[in-house]
Amino acid sequence: QKEVEQDPGPLSVPEGAIVSLNCTYSNSAFQYFMWYRQYSRKGPELLMYTYSSGNKEDGRFTAQVDKSSKYISLFIRDSQPSDSATYLCAIFNDYKLSFGAGTTVTVRA
Amino acid sequence: KAGVTQTPRYLIKTRGQQVTLSCSPISGHRSVSWYQQTPGQGLQFLFEYFSETQRNKGNFPGRFSGRQFSNSRSEMNVSTLELGDSALYLCASSSGWTLGGYTFGSGTRLTVV
């Protein structure tokens, strides 16, 4: 069983829509959860970082962790064409990141 | 502040050859990790180093090896290249204070023919 599962999409939304991305993970002991964004021909960049459970908000981005259901989510409000990228959830454990498959998001102008 | 620098950016090698990739982390970062990214398998962890010590290694064959130098720069080596080793190899560095908060380089695109 993979440590983290993510629907690869793709996902296409109109500008201004809310983008909702989700992942599930296998081990309830995991504590560190991240969302990375990757543009074409670039390395991933850290977007959101959450320790344990709860919500974290940064501008138009909200990350949620529900440890009871082992579910992590990322919401992008008022999406912009510049948000078009691949979004990867990740879990940090034992000095390594385990990534989901990544969801490719396209925001249509 | 300079980011994570990986060299070379692109590389074409023949099956059976070996290759060495280089990574210079952000100044002050002592943790360096390597990942392989392919369309089929996504991002997979190769290994992580901190102060020249390997702290974790992913599920890759022994042909994949790495090391870290005293200035935190790191290299990874792949011997006896196979076609399936064609991938984007990403290096990431971290100060170690934000667990999981890595800064990635733009990667080295390796093509094995």
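Scroll up for the structure.
Parameters at a glance
Residues numbered from 1 in each chain as written. Chains lettered and ligands numbered in written order. Predicted model: local features only at pLDDT ≥ 70, side-chain atom pairs only at ≥ 80, totals over all residues. Heavy atoms only, no water. Helix = DSSP H or I, 4+ residues; strand = E, 2+ residues; numbered from the N terminus. Rg over C-alpha atoms; globule rule 2.2 N^0.38 Å. Buried < 20%, exposed > 50% of the residue type's maximum accessible area, 1.4 Å probe, protein only. Contact = heavy atoms within 4.5 Å. Lys, Arg positive; Asp, Glu negative; His and termini not counted. Charge placed at Lys NZ, Arg CZ, Asp CG, Glu CD. Salt bridge = Lys/Arg side-chain N within 4 Å of Asp/Glu carboxyl O. Pairing = 2+ DSSP bridges. Axes fitted to C-alpha atoms, helices over the stretch in contact; angles between N-to-C directions. Buried area = accessible area lost by both parts, 1.4 Å probe. Polar contact = N/O pair within 3.5 Å; in protein donor to acceptor, adjacent residues only side chain to side chain. Phe/Tyr/Trp six-rings, centres within 6.5 Å; stacked < 30°, edge-to-face > 60°. Core = buried A, V, L, I, M, F, W, Y, C linked by side-chain atoms within 4.5 Å.

## Looking at the overall build of chain B
1) Next: Looking only at helices and strands, chain B features 0 helices and 11 strands.
2) Next: Listed N to C, the secondary structure of chain B is β-β-β-β-β-β-β-β-β-β-β in terms of helices and strands.
3) Next: The C-alpha atoms of chain B give a radius of gyration of 13 Å, which matches the 13 Å a tight globule of 113 residues would have.
4) Next: Counting only C-alpha atoms and orienting by the principal axes, one finds that chain B spans roughly 40 × 25 × 25 Å.
5) Next: Expressed as a percentage of the 113 residues in chain B, the buried residues total 50%.
6) Next: Contacts spanning at least 24 positions in sequence make up 53% of the contacts within chain B whose residues lie at least 6 apart.
7) Next: In chain B, which carries 11 positive and 5 negative side-chain charges, the distance between the mean positions of the two groups comes to 5 Å.

## Considering the pattern of salt bridges
Residues and elements named next belong to chain B.
1) Next: Summed over the entire model, instances satisfying the criterion amount to 9 salt bridges over all chains.
2) Next: Between Arg63 and Glu82 there is a salt bridge, and its shortest N-O distance comes to 3.6 Å. Of the two residues, Arg63 sits in the loop between β6 (53–57) and β7 (64–68) while Glu82 sits in the loop between β8 (74–78) and β9 (87–94), which places them 19 residues apart along the sequence.
3) Next: Since its relative accessible area comes to 15%, Arg63 is described here as buried.
4) Next: Judged by relative accessible area, Glu82 falls into the partly exposed class, the value being 42%.
5) Next: Arg63 is the salt-bridge partner of Asp85, the closest N and O atoms lying 2.8 Å from each other. Remark: Arg63 occurs in the loop between β6 and β7 and Asp85 occurs in the loop between β8 and β9; sequence separation between them is 22 residues. Taken individually, Asp85 and Arg63 each receive the classification buried, so the pair is uniform in this respect.
6) Next: The structure contains a network of salt bridges with shared partners spanning Arg63, Glu82 and Asp85.

## A few points about the sheet that holds β7 of chain B
Residues and elements named next belong to chain B.
1) Next: Read across the open sheet, the 4 strands follow the order β1-β3-β8-β7; overall the sheet is antiparallel. The strands lining the two open edges of the sheet, one partner per strand, are β1 (5–7) and β7. Ignoring strand direction, the axes of neighbouring strands in this sheet form an average angle of 15°.
2) Next: Direction of pairing for β1 relative to strand β3 (residues 19–24): antiparallel, over a ladder of 3 bridges. The partner of Gln6 across the bridge, within β3, is Cys23.

## What about the interface of chain B and chain A?
1) Next: Taken together, the contact pairs 18 residues of chain B with 17 residues of chain A.
2) Next: Summing the contributions of chain B and of chain A, the shared interface buries around 1,600 Å²; its carbon and sulfur component is 58%.
3) Next: Ranking the residues of chain B by area buried against chain A places Leu43, Leu99 and Phe104 of chain B at the top, with a combined share of 32%.
4) Next: Viewed at the interface, chain A and chain B are joined by 0 salt bridges.
5) Next: Inspection of the region where chain B meets chain A yields 4 residue pairs in polar contact (both at pLDDT 80 or more).

## Some thoughts on the packing of aromatic side chains
All names here are of chain A.
1) Next: Applying the stated rule across the entire model yields 14 aromatic pairs over all chains.
2) Next: Between the aromatic rings of Tyr25 and Phe30, the centroid separation amounts to 6.1 Å while the plane-to-plane angle is 50°, which identifies the pairing as tilted. Per residue, the accessibility class of Tyr25 equals that of Phe30, and both read buried.

## Some details on the nonpolar core
Residue and element names in this part refer to chain A.
1) Next: Residues Trp35, Ile72, Leu74 and Tyr87 are the most contacted members of the largest nonpolar core, which totals 23 residues.
2) Next: Put simply, the parts of the chain that give this core at least two residues each are β3 (19–25), β4 (32–38), β5 (45–51), β7 (61–66), β8 (71–76), β9 (85–93) and β11 (103–108).
3) Next: Excluding residues that lie within four positions of it along the chain, Tyr87 makes contacts with Gln6, Leu21, Tyr36, Arg37, Leu47, Leu74, Ile76, Gly102, Thr103 and Val105.

## Comments concerning the sheet that holds β8 of chain A
Residue and element names in this part refer to chain A.
1) Next: Taken in spatial order, the 5 strands of this open sheet run β1-β3-β8-β7-β6, and their pairing is antiparallel. Each edge of the open sheet is held by one strand with a lone partner, namely β1 (4–6) and β6 (54–58). Here the average twist between neighbouring strands, direction ignored, is 15°.
2) Next: Sheet topology places β6 next to β7; 5 bridges connect them, and they run antiparallel.

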